[in-house]
Structure formats: C-alpha cells, structure tokens
Amino acid sequence: MPSTSCRTSWNGDTVFLSIIIGCKFLASLLIWSATDVLGKGSGLEMSDIAERIVAGFGFSSPYLPVDSGIPTVVSSPLYVWLIAGVYEWLGVKTDASRIFLQFLNLIFHAVTLVVLFHYCRAVLGAATARLFAVLFVCHPHVIFLASNVWESSLTLMLLGLILYWVTVGFARFVISECMGFGVLLGLTALSNPAWSLMYPLLCLGIFYWRMRDGQERMQLVKVVPVCASVLLGFLLVVTPWLIRNYQVTGEIMYVRGMSGPELFKGNHAGAGGGHGQVFVDYFLYSSPQERLRYSEMGESAYDRAMSAAAMREIQQDPVRYLQLTARRVLMWWTGDFDVTAWYYRVGDRDKFMIGVLYCFVGGLTSLAAFWGVWRLRGQAARFWPLWLYVFFLPVPYYLIIVGFRYQSSLLPFLLIPCAVTLHALVMVARQRGWSLPDRLLLCGSQPTDLNN
C-alpha cells in the first residue's frame, strides 16, 4: 500500500483540480436544471440597472420606469457593468444572457476553488485541501449561490484572492506588489463595499505578523512608501466612482448607499431580522406604497428618512433591538429562518423546503467549522486572516439584517475549518480499519512552510 507520507505533486494537484472542477460544473448544471433555476437567475436591482444602462439611460434607479434616468447609488457597479455587457451581447434578460451569467459565476467559483485549494495546501496540507475542494463542490449553499445573478460569486473570488495574497502571495514588500494589492482591494470594494471594513486590519496584520516572525525588518522610511502604494492602487480604482456618487447625490459617500431601508426592514416593530414578512412589506419591489414614497421623495431623502425611522425604532425599544441582533447572529450561523417561515405562511412549499435545507446544512456546517477552529487553536496566529473573514466580517450584518446571499458569500471560507474537522474524522475512521486510496486523498498531509 502506498505510504500516506508521500508528497502530492503539483501535477497531481492539477489533475485532481481538473476533475473536481469538471464535477462542479456538471453537478451545478444538473441541479439547476432539476430545480428549474437554469436560465432564471435574477439579480433584481443589479439586473434592472444593467437593463437601463443598455437602454441608454445610464446607471439609474431600478425602482422607477426604465426611461426615468434618475441616477442611483443602490448598487455597487462592478457586477452591474458585467451584466450590462452580457445584456448588450445576448439580449436583456434573455434565457441566453442569464445562462451565460450563471456560467460566468461558475468560472468565478472555479477560480475561487483553485485559489482556496492552494491556500489550504499551503497552511493545512494536501489532504485537507482536497477535502475542502470536495466540500466546495457538494455544499448546497455554494451550488445555488452561483445560480443567482448577483455579485456574490465575483466578490467571493476577489475575497479568495485577497486571502491568498495576504497569506501566501506576498513574497516581499515591493512597490509593484503592494500597488497591485491595492488595486485588488479596490476591485473588491466596487464589487461589494461591505467587506472594506477589514482592509485596515488586513494591512496592519501583514506588517505585524511579518515583522513579528522576522520575515521583514522594516524601518519607517520603508513602511511609508509601501503603505502609500497600497493606498494609491486602491484610490486609482475607487476614486472615479466616488466622484460620480458625489456628482449625482451632492453627498460624500462610499461606493453605494441606501443602507437606511435595510436597517429599517431588519429592525422595525415586528421584524424578524431576516427577509421575512416585514422585509417584504417595505421592500421597494413588492410595496407600491414604498415605491411611491421613494419616487416622491427622491432616493437620498428616502434613504435618510428610512434611516431616521430605523433609529427611532431602535431607541424606543433597545431590548427588542438586542433580541433581533441575537436572532441575526443565530441566523447567520444557521440560516434565514425568518424568510423560511414566511415561505411556509404564504404556501410556497418548494422554497420552504429549500429554506429548511439551508438552515439544517448551515447549522451543521457551523458546528463542524467551530470544531475545526478549536482543533487549530494551538496555531491560531497562522490563520488570522481566515478568522478575520469568518468572525469579523459578519458583524455589520448582525446589526442590520441577514440573508442567504450575505451568508453564502463568506460560507466557502467557513468550509476550510470544516475540512479540518472532516480530515480528523477520516483519520479516526482509518485507525478503525476503514481505508481510502492514499493517492486520491491522503498524500502530502503536511502543510507547506510559508517561509519558503
């Protein structure tokens, strides 16, 4: 029998990844066809804004008629531009354009899988990396995430590249690499600005851990140009869009606005903290009354009014807000049972069953991940960027609102400690007489030395 200590070659990794990516494409397309979502993915605001761009009305409000031409800041632009390009080529909201966008999402997932596989291989070993790849292909959240015409799959790929770059990619602090890293941060912000909260922590962490481990002996005269180059790369990407937002709103803001309605829908009296009934009651797509208010007040005024209303609700009943926050924390680590209950009440049996599946699998995934995190506690410093993703990035959603799309954007990173748990279970099973082909899974189980 081949030794379990044999090293998995890069060529072996290439063969494995080719097979696993092929399985992912095939499984996703079959499941989408079986569940009737192939060619039917809808991005709501993003798709509607893209439709208006193609029609010649620019980046304008998705809640008003197509020809209104009223500028909007409700969405980040990167994926909208991508949708608009596809619509220009294959037609607006046609089956062909939607299928092509779903296929693009699968490509984004394939890149993410390769990047995170090599990250896992570097820090955890080939066996855990392969188990992670299997989980990535099989997990229902990841399968259905790519079927949606949202930015989530693109953002996931960009976040994966950031994680790899921070952990493995930085060979040394040179200006070109640091500027490229800043460009990557900027592109991620244009895809989904919510994750920008981690940027300062990531950059500070890079310096701290590298200097602590003796990899760099940086003096202030070297730190300043390195930090400046990261900032310059970031600003080169995001500044034109920030200028555009100021020109159309007259206000200084980040990549996107309209957070007021989300805060209100998540914390209004009777809210469940997710995308349930109260969310639907005030959702601009499903509420004619709210859409009328929006059109009469204008987007900026409507956003401010909803934000003020949400703060009044929170101040009037802070205990309820704390209860909703605790509920959102629970839903983040399980599933949006608020919207699942709503599907049951309105009689949408299919979506209710899918919601139950998401909640069950989400809870099981979290339990496995927590165990994996516990097993890694002795070398926690090695995984600080991963813990930042898994435990810090969800915090804003705890305070505002949660939902499947938000959770699924970060769930693949949760699968990494899940793979640690699964590897431990496999090793226990082997000790009890169960065997796996070593060449398939268990070669090269030692992580790569990141200092090399």
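Residues numbered from 1 in each chain as written. Predicted model: local features only at pLDDT ≥ 70, side-chain atom pairs only at ≥ 80, totals over all residues. Heavy atoms only, no water.

Take empty space enclosed by the protein next. If you walk through the whole model with that rule in mind, you get two cavities of 30 Å³ or more. Taken as a whole, the largest cavity spans an internal volume of roughly 160 Å³. What lines the largest cavity is a set of 14 residues, among which Trp332, Trp333, Gln407, Leu411 and Leu414 lie closest to the centre. Mapped onto the lining of the largest cavity, the elements with two or more residues apiece are α17 (349–375), α18 (384–392) and α20 (404–431). The element contributing the most residues to the lining of the largest cavity is α20, with five residues. For the lining of the largest cavity, the per-class residue count stands at nine nonpolar, five polar and no charged. (1 Å grid on protein atoms, 1.4 Å probe; cavity = no way out; pocket = protein on both sides within 12 Å on 5 of 7 lines; lining within 4 Å. Points joined across faces, edges and corners; volume = space filled by probe spheres on them. Helix = DSSP H or I, 4+ residues; strand = E, 2+ residues; numbered from the N terminus. Nonpolar A, V, L, I, M, F, W, Y, C, P; charged D, E, K, R; others polar.)

Counted according to the given criterion, the structure contains twelve salt bridges. A salt bridge links Arg130 to Asp13; the nearest nitrogen and oxygen atoms lie 3.6 Å apart. Here Arg130 is found in helix α5 (residues 126–138), whereas its partner Asp13 is found in helix α1 (residues 10–34), with 117 residues between them in sequence. Across the pair, Asp13 and Arg130 agree in class, each one buried. The partner of Asp36 in a salt bridge is Lys40, with the nearest N and O atoms 2.8 Å apart. Residues joined by salt bridges that share partners form a network here, namely Asp48, Glu51, Arg52 and Lys93. (Salt bridge = Lys/Arg side-chain N within 4 Å of Asp/Glu carboxyl O. Buried < 20%, exposed > 50% of the residue type's maximum accessible area, 1.4 Å probe, protein only.)

Mean pLDDT over the chain works out to 86, with 88% of the residues at or above the 70 mark. In the model of the chain, helix α21 (residues 438–442) stands out as the element of lowest mean pLDDT, 49, in contrast to helix α3 (residues 78–90), which has the highest, 96. Within the model, the stretch residues 1–8 combines pLDDT values under 50 with 18 contacts to residues more than four positions away or in other chains. The low-confidence segment residues 448–452, where pLDDT is below 50, has nine contacts with residues more than four positions distant or belonging to other chains. (pLDDT = per-residue confidence, 0-100. Contact = heavy atoms within 4.5 Å.)

For the pair helix α16 (residues 337–346) and α17, the least separation of the axes is 8 Å and the interaxial angle reads 155 degrees. Relative to α17, α16 is oriented roughly antiparallel. The element α16 and its partner α17 pack so that their crossing is left-handed. For the pair formed by α16 and α17, the contact residues are Phe337, Thr340, Tyr343 and Tyr344 on the first element and Lys351, Phe352, Gly355, Val356 and Cys359 on the second. (Axes fitted to C-alpha atoms, helices over the stretch in contact; angles between N-to-C directions. Parallel < 35°, antiparallel > 145°, perpendicular 65-115°, else oblique. Left-handed = near helix turned anticlockwise from the far one by under 90°.)

The next point concerns the environment of Arg382. Looking at the secondary structure, you find Arg382 in the loop between α17 and α18. Of the residues examined, Arg382 reaches a relative accessible area of 29% and is grouped as partly exposed. The sequence separation of Arg382 and Val123 amounts to 259 residues, and the corresponding C-alpha distance is 7.8 Å.

Once that is clear, we can look at the packing of helix α2 (residues 45–54) against α3. Contact pair α2 / α3: the axes reach a minimum separation of 8 Å and the direction vectors enclose 55 degrees. Between α2 and α3, the angle falls in the class oblique. Crossing of α2 over α3 shows right-handed handedness. When α2 is examined against α3, the residues Met46, Ser47, Ile49, Ala50, Glu51, Ile53 and Val54 are found in contact with a partner set consisting of Tyr79, Val80, Trp81, Ile83, Ala84, Tyr87 and Glu88. Within the contact of α2 with α3, the residues separate by chemical class into eleven nonpolar, one polar and two charged.

For the rest of this paragraph, the subject is the nonpolar core. Ranked by size, the top nonpolar core spans 114 residues in total, and within it Phe132, Ile162, Met198, Leu386 and Phe413 carry the most contacts. Broken down by element, the residue count for this core peaks at 13 residues, all from helix α4 (residues 95–124). Those residues in contact with Met198 that sit more than four places away from it in its chain are Leu159, Ile162, Leu388, Tyr389, Phe392 and Leu393. (Core = buried A, V, L, I, M, F, W, Y, C linked by side-chain atoms within 4.5 Å.)

Any aromatic ring pair is given by two values, namely how distant the centres are and how the planes are angled relative to each other. Scanning all chains against the criterion turns up 27 aromatic pairs. Judged by centre distance (5.7 Å) and plane angle (85 degrees), the rings of Tyr294 and Tyr302 are edge-to-face. For the pair shown, Tyr294 and Tyr302 are each scored as buried. Ring geometry for Tyr397 and Tyr406: centres 4.8 Å apart, planes at 25 degrees, overall stacked. Classification of Tyr397 by relative accessible area gives buried; the value is 12%. The exposure class assigned to Tyr406 is buried, which follows from its relative accessible area of 13%. Pairwise contacts between aromatic rings join Tyr63, Phe279, Phe283, Tyr285, Tyr294 and Tyr302 into one cluster. Note that Arg377 overlies the ring of Trp374, its terminal NZ or CZ placed 4.0 Å from the centroid. Here the guanidinium or amino end of Arg405 rests over the ring plane of Trp150, the centre of that ring lying 3.9 Å away. (Phe/Tyr/Trp six-rings, centres within 6.5 Å; stacked < 30°, edge-to-face > 60°. Lys NZ or Arg CZ within 6 Å of the ring centre and 35° of its normal.)

Turning to the state of the cysteines, a few remarks are in order. Every disulfide links exactly two cysteines, by a covalent bond between their sulfur atoms. Counted under the stated rule, the structure contains zero disulfides. Lacking any disulfide linkage, Cys203 is separated from the closest cysteine sulfur, that of Cys227, by 7.3 Å. A residue is classified by how much of its surface remains accessible, and Cys203, at 22% relative accessible area, is partly exposed. (Disulfide = S-S within 2.5 Å.)

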